[in-house]
Amino acid sequence: MERLVGTVSRGVRAPIIRQGDDLAAIVVDSVLAAAKSEGFSLRDKDVVAVTEAVVARAQGNYAGIDQIAKDVHEKFGDDTVGILFPILSRNRFAICLKGIAKGLKKVVLMLSYPSDEVGNHLIDEEDMDEKGVNP
């Protein structure tokens, strides 16, 4: 039999995961509900993956802003710390930056220009030119 379809990937919505939740049960229930709702079937050799962030949340293995601030302050004291070329689109970066800034006296943030490392635009150069601002 000739193979005509390659890899198919689906994002499955699940409830918000909290520390102590039965992740295996939530994943199974969510995948089965999605399959029934969307009319796809599960077969041998199908792979179901769960992001590391969801696993960490269920295990309670994450740090809050105050914990990040305390750790950074213990390591760097009142020194100035530089963060070079962060990928701003990462969903946890803003929380990490808030913790870092809370634990230090001064943070220097160096950004790529005009886009971050993965190509997300930080500014619209055309818009800047129209306003008479030379980037």
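Quantities reported herein were computed from a predicted structural model and do not represent experimental measurements.

*Asks:* In this structure, what is going on with helix H4 (residues 93-103)? I would like to understand it.
*Replies:* In an α-helix, one turn spans 3.6 residues; hence positions three or four apart end up facing the same way. Within the span of H4, buried status applies to Phe93, Gly99, Ile100 and Gly103. The buried residues of H4 occupy an angular sector of 130° when the element is viewed end-on, so they sit on one face. Summarising the geometry of H4, the exposed residues directed more than 90 degrees from the buried face are Ala94, Lys98 and Lys102. Buried positions along H4 lie against helix H3 (65-76), strand E1 (80-84) and strand E2 (106-110).

*Asks:* How should the packing of aromatic side chains be read in this particular structure?
*Replies:* Centre distance and the angle of the planes are the two values used to describe a pair of aromatic rings. Scanning the model with the defined rule gives zero aromatic pairs in all. One Lys or Arg, Arg10, reaches over the ring of Phe40 and ends 4.0 Å from the middle of that ring.

*Asks:* I'm lost on the pairing of E2 in this one. Help?
*Replies:* It is a general feature of regular strands that their side chains alternate between the two faces of the sheet. The pairing of E1 with E2 spans five bridges and is classified as parallel. Pairing of Ile83 across the sheet is with Leu109, part of E2. Handedness of the E1-H4-E2 crossover: right-handed.

*Asks:* Any chance you could explain the pattern of salt bridges here in plain terms?
*Replies:* It is possible for side chains of opposite charge to pair when their charged atoms get near one another. Inspection of every chain in the model, using the stated rule, returns three salt bridges. Across the pair Lys70 and Glu74 runs a salt bridge whose closest N-O atoms are separated by 3.6 Å. Taken together, the positions of Lys70 and Glu74, both in helix H3 and four residues apart, correspond to about one turn of that helix. When sorted by exposure, Lys70 lands in the same class as Glu74, which is exposed. Salt-bridge contacts for Asp71 lead to Lys75; the nearest nitrogen and oxygen are separated by 2.8 Å. Placement of the pair is Asp71 and Lys75 together in helix H3, with a separation of four residues, close to one helical turn. You can call Asp71 partly exposed: its relative accessible area is 34%.

Procedures and definitions
Residues numbered from 1 in each chain as written. Predicted model: local features only at pLDDT ≥ 70, side-chain atom pairs only at ≥ 80, totals over all residues. Heavy atoms only, no water. Buried < 20%, exposed > 50% of the residue type's maximum accessible area, 1.4 Å probe, protein only. Helix = DSSP H or I, 4+ residues; strand = E, 2+ residues; numbered from the N terminus. Arc of directions from axis to C-beta. Contact = heavy atoms within 4.5 Å. Phe/Tyr/Trp six-rings, centres within 6.5 Å; stacked < 30°, edge-to-face > 60°. Lys NZ or Arg CZ within 6 Å of the ring centre and 35° of its normal. Pairing = 2+ DSSP bridges. Right-handed = clockwise from strand over helix to strand, strands pointing away. Salt bridge = Lys/Arg side-chain N within 4 Å of Asp/Glu carboxyl O.

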